[in-house]
Amino acid sequence: MKLLTVHATIKAPLHEVWNYWTNPNHIMHWNFASTDWHCPNATNKLEVGGEFHYEMAARDGSMSFDFWGNFQEIEQQKSLDILIGDGRKMKVTFASTEMGTKVTEQFEPENENPEDMQQAGWQQILDNFKSYVEAT
(Lines give C-alpha, C1' and ligand atoms only; values in the text may rest on other atoms or scores of the structure.)
Protein backbone atom coordinates (compact mmCIF):
# COMPACT_ATOMS: atom_id res chain seq x y z
CA MET A 1 0.00 0.00 0.00
CA LYS A 2 1.47 3.31 -1.11
CA LEU A 3 1.06 6.29 1.22
CA LEU A 4 1.47 9.96 0.42
CA THR A 5 2.83 12.18 3.19
CA VAL A 6 2.49 15.87 4.01
CA HIS A 7 3.70 17.68 7.11
CA ALA A 8 4.05 21.07 8.74
CA THR A 9 5.51 22.41 11.96
CA ILE A 10 3.20 24.85 13.70
CA LYS A 11 4.52 27.42 16.16
CA ALA A 12 2.06 26.52 18.91
CA PRO A 13 1.92 24.05 21.81
CA LEU A 14 0.69 20.53 21.14
CA HIS A 15 -2.56 20.87 23.14
CA GLU A 16 -3.56 23.96 21.10
CA VAL A 17 -2.72 22.31 17.78
CA TRP A 18 -4.77 19.24 18.75
CA ASN A 19 -7.74 21.44 19.67
CA TYR A 20 -7.58 23.41 16.42
CA TRP A 21 -7.36 20.14 14.46
CA THR A 22 -10.27 18.38 16.17
CA ASN A 23 -12.73 21.17 17.10
CA PRO A 24 -15.38 21.68 14.37
CA ASN A 25 -15.59 25.41 15.17
CA HIS A 26 -11.94 25.72 14.14
CA ILE A 27 -12.01 23.16 11.31
CA MET A 28 -14.42 25.35 9.33
CA HIS A 29 -11.80 28.15 9.33
CA TRP A 30 -8.89 26.19 7.85
CA ASN A 31 -10.09 23.04 6.05
CA PHE A 32 -9.76 24.11 2.40
CA ALA A 33 -6.88 24.28 -0.06
CA SER A 34 -7.52 27.65 -1.69
CA THR A 35 -9.44 30.86 -1.04
CA ASP A 36 -12.11 30.00 -3.63
CA TRP A 37 -13.18 27.05 -1.43
CA HIS A 38 -14.40 26.88 2.15
CA CYS A 39 -15.70 24.46 4.76
CA PRO A 40 -19.14 25.83 5.73
CA ASN A 41 -20.04 22.86 7.98
CA ALA A 42 -18.01 20.47 10.10
CA THR A 43 -18.94 17.83 12.66
CA ASN A 44 -16.54 15.63 14.56
CA LYS A 45 -17.37 12.84 17.02
CA LEU A 46 -13.87 12.29 18.39
CA GLU A 47 -14.14 8.71 19.66
CA VAL A 48 -13.23 5.30 18.25
CA GLY A 49 -15.94 4.51 15.71
CA GLY A 50 -17.06 8.15 15.66
CA GLU A 51 -17.49 9.94 12.37
CA PHE A 52 -16.40 13.31 11.09
CA HIS A 53 -18.07 15.16 8.22
CA TYR A 54 -16.50 18.20 6.58
CA GLU A 55 -18.46 19.94 3.84
CA MET A 56 -15.99 21.06 1.20
CA ALA A 57 -17.58 23.69 -1.05
CA ALA A 58 -16.68 26.14 -3.77
CA ARG A 59 -17.43 29.67 -2.56
CA ASP A 60 -19.35 30.39 -5.77
CA GLY A 61 -21.76 27.53 -5.00
CA SER A 62 -20.83 25.54 -8.12
CA MET A 63 -19.68 22.41 -6.28
CA SER A 64 -19.57 20.77 -2.86
CA PHE A 65 -18.90 17.37 -1.33
CA ASP A 66 -18.84 15.67 2.05
CA PHE A 67 -15.34 14.60 3.09
CA TRP A 68 -15.99 12.11 5.86
CA GLY A 69 -14.57 9.15 7.68
CA ASN A 70 -14.45 7.41 11.01
CA PHE A 71 -11.86 7.10 13.71
CA GLN A 72 -10.28 3.66 13.96
CA GLU A 73 -7.83 4.54 16.74
CA ILE A 74 -7.21 7.68 18.79
CA GLU A 75 -4.22 8.48 20.97
CA GLN A 76 -5.03 11.84 22.56
CA GLN A 77 -2.64 14.55 21.37
CA LYS A 78 -0.54 11.92 19.53
CA SER A 79 -2.34 10.30 16.60
CA LEU A 80 -5.56 9.63 14.73
CA ASP A 81 -6.06 6.53 12.57
CA ILE A 82 -8.90 7.18 10.15
CA LEU A 83 -10.84 5.20 7.58
CA ILE A 84 -11.96 7.72 4.97
CA GLY A 85 -15.50 7.26 3.64
CA ASP A 86 -14.24 5.83 0.33
CA GLY A 87 -12.27 3.09 2.13
CA ARG A 88 -8.80 4.66 2.10
CA LYS A 89 -6.67 4.80 5.22
CA MET A 90 -5.25 7.96 6.73
CA LYS A 91 -3.08 8.63 9.77
CA VAL A 92 -2.39 11.98 11.42
CA THR A 93 0.40 12.28 14.00
CA PHE A 94 1.23 15.16 16.33
CA ALA A 95 4.66 15.61 17.93
CA SER A 96 6.19 18.34 20.07
CA THR A 97 9.52 19.60 18.76
CA GLU A 98 11.82 22.50 19.63
CA MET A 99 10.33 24.40 16.66
CA GLY A 100 6.68 23.78 17.62
CA THR A 101 4.21 20.98 16.94
CA LYS A 102 4.86 18.81 13.92
CA VAL A 103 1.73 17.50 12.22
CA THR A 104 2.19 14.67 9.71
CA GLU A 105 -0.56 13.24 7.53
CA GLN A 106 -0.16 9.97 5.66
CA PHE A 107 -2.92 8.86 3.32
CA GLU A 108 -3.63 6.36 0.61
CA PRO A 109 -4.07 8.15 -2.71
CA GLU A 110 -7.32 7.89 -4.65
CA ASN A 111 -7.35 6.78 -8.28
CA GLU A 112 -9.02 9.77 -9.96
CA ASN A 113 -6.31 12.44 -9.70
CA PRO A 114 -2.52 12.34 -10.16
CA GLU A 115 -0.67 11.64 -6.92
CA ASP A 116 1.38 14.84 -7.13
CA MET A 117 -1.87 16.84 -7.39
CA GLN A 118 -3.33 15.04 -4.36
CA GLN A 119 -0.18 15.59 -2.33
CA ALA A 120 -0.09 19.28 -3.27
CA GLY A 121 -3.76 19.75 -2.34
CA TRP A 122 -3.39 18.06 1.04
CA GLN A 123 -0.22 20.08 1.69
CA GLN A 124 -2.11 23.31 0.88
CA ILE A 125 -4.81 22.40 3.41
CA LEU A 126 -2.16 21.63 6.03
CA ASP A 127 -0.37 24.90 5.26
CA ASN A 128 -3.71 26.70 5.63
CA PHE A 129 -4.11 24.97 9.03
CA LYS A 130 -0.64 26.18 10.05
CA SER A 131 -1.43 29.76 9.01
CA TYR A 132 -4.76 29.70 10.85
CA VAL A 133 -3.30 28.35 14.11
CA GLU A 134 -0.33 30.74 14.08
CA ALA A 135 -2.57 33.76 13.38
CA THR A 136 -5.14 32.92 16.07
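Remember, it's a predicted structure, so these values are computed and weren't measured experimentally. (Residues numbered from 1 in each chain as written. Predicted model: local features only at pLDDT ≥ 70, side-chain atom pairs only at ≥ 80, totals over all residues. Heavy atoms only, no water.)

## What about the overall build of the protein chain?
Within the protein chain, the secondary structure is distributed over 3 helices and 7 strands. Written out in order from the N terminus, the α and β elements of the protein chain read β-α-α-β-β-β-β-β-β-α. The globule rule puts the C-alpha radius of gyration for 136 residues at 14 Å, and the 14 Å found for the protein chain is close to it. Counting only C-alpha atoms, the protein chain reaches 40 × 35 × 30 Å along its principal axes. Counting the 136 residues in the protein chain, one finds 41% classified as buried. Sequence-distant contacts in the protein chain: of pairs separated by 6 or more residues, those separated by 24 or more amount to 47%. (Helix = DSSP H or I, 4+ residues; strand = E, 2+ residues; numbered from the N terminus. Rg over C-alpha atoms; globule rule 2.2 N^0.38 Å. Buried < 20%, exposed > 50% of the residue type's maximum accessible area, 1.4 Å probe, protein only. Contact = heavy atoms within 4.5 Å.)

## Focus: the layout of surface pockets
The computed volume of the largest pocket comes to approximately 980 Å³. Taken together, the elements giving at least two residues each to the lining of the largest pocket come down to helix H1 (14-22), strand E2 (37-44), strand E3 (51-58), strand E4 (64-75), strand E5 (79-84) and helix H3 (115-135). Residue composition of the lining of the largest pocket, grouped by class: 21 nonpolar, 10 polar and 6 charged. (1 Å grid on protein atoms, 1.4 Å probe; cavity = no way out; pocket = protein on both sides within 12 Å on 5 of 7 lines; lining within 4 Å. Points joined across faces, edges and corners; volume = space filled by probe spheres on them. Nonpolar A, V, L, I, M, F, W, Y, C, P; charged D, E, K, R; others polar.)

## Quick word on the sheet that holds strand E7 (residues 100-107)
What the 7 strands build is an open sheet, ordered E1-E7-E6-E5-E4-E3-E2; its pairing is antiparallel. For this open sheet the edge positions go to strand E1 (4-10) and E2, each flanked by a neighbour on one side alone. Averaged over all pairs of adjacent strands, the angle between strand axes in this sheet comes to 20 degrees, irrespective of strand direction. Relative to E4, E3 runs antiparallel, the two being bridged by 7 bridges. Pairing of Glu51 across the sheet is with Asn70, part of E4. Of the strands in this sheet, E1, E3, E4, E5, strand E6 (89-97) and E7 are in contact with H3, which crosses E1 at around 15 degrees. (Pairing = 2+ DSSP bridges. Axes fitted to C-alpha atoms, helices over the stretch in contact; angles between N-to-C directions.)

## Remarks on the packing of aromatic side chains
Tallied over the entire structure, the rule returns 12 aromatic pairs. A ring pair is formed by Trp18 and Phe94, whose centres lie 5.0 Å apart and whose planes are at 70 degrees; its orientation type is edge-to-face. Of this pair, Trp18 sits in helix H1 while Phe94 is found in strand E6, placing the two residues 76 residues apart along the sequence. The exposure class of Trp18 is buried, given its relative accessible area of 6%. Residue Phe94 is classed as buried on the basis of its relative accessible area, which comes to 5%. For the pair Trp30 and Phe129, a centre-to-centre distance of 4.7 Å together with 65 degrees between the ring planes defines the contact as edge-to-face. Note that Trp30 is positioned in helix H2 (residues 24-30) and Phe129 in helix H3, a separation of 99 residues in sequence. Assigned by exposure class, Trp30 and Phe129 land together as buried. In textbook terms, an aromatic cluster arises when at least three aromatic residues are bridged by ring pairs, as seen for Phe52, Tyr54, Phe67, Phe71, Phe107 and Trp122. One cation-aromatic arrangement involves Arg59 over Phe32; the distance from NZ or CZ to the ring centre is 5.6 Å. (Phe/Tyr/Trp six-rings, centres within 6.5 Å; stacked < 30°, edge-to-face > 60°. Lys NZ or Arg CZ within 6 Å of the ring centre and 35° of its normal.)

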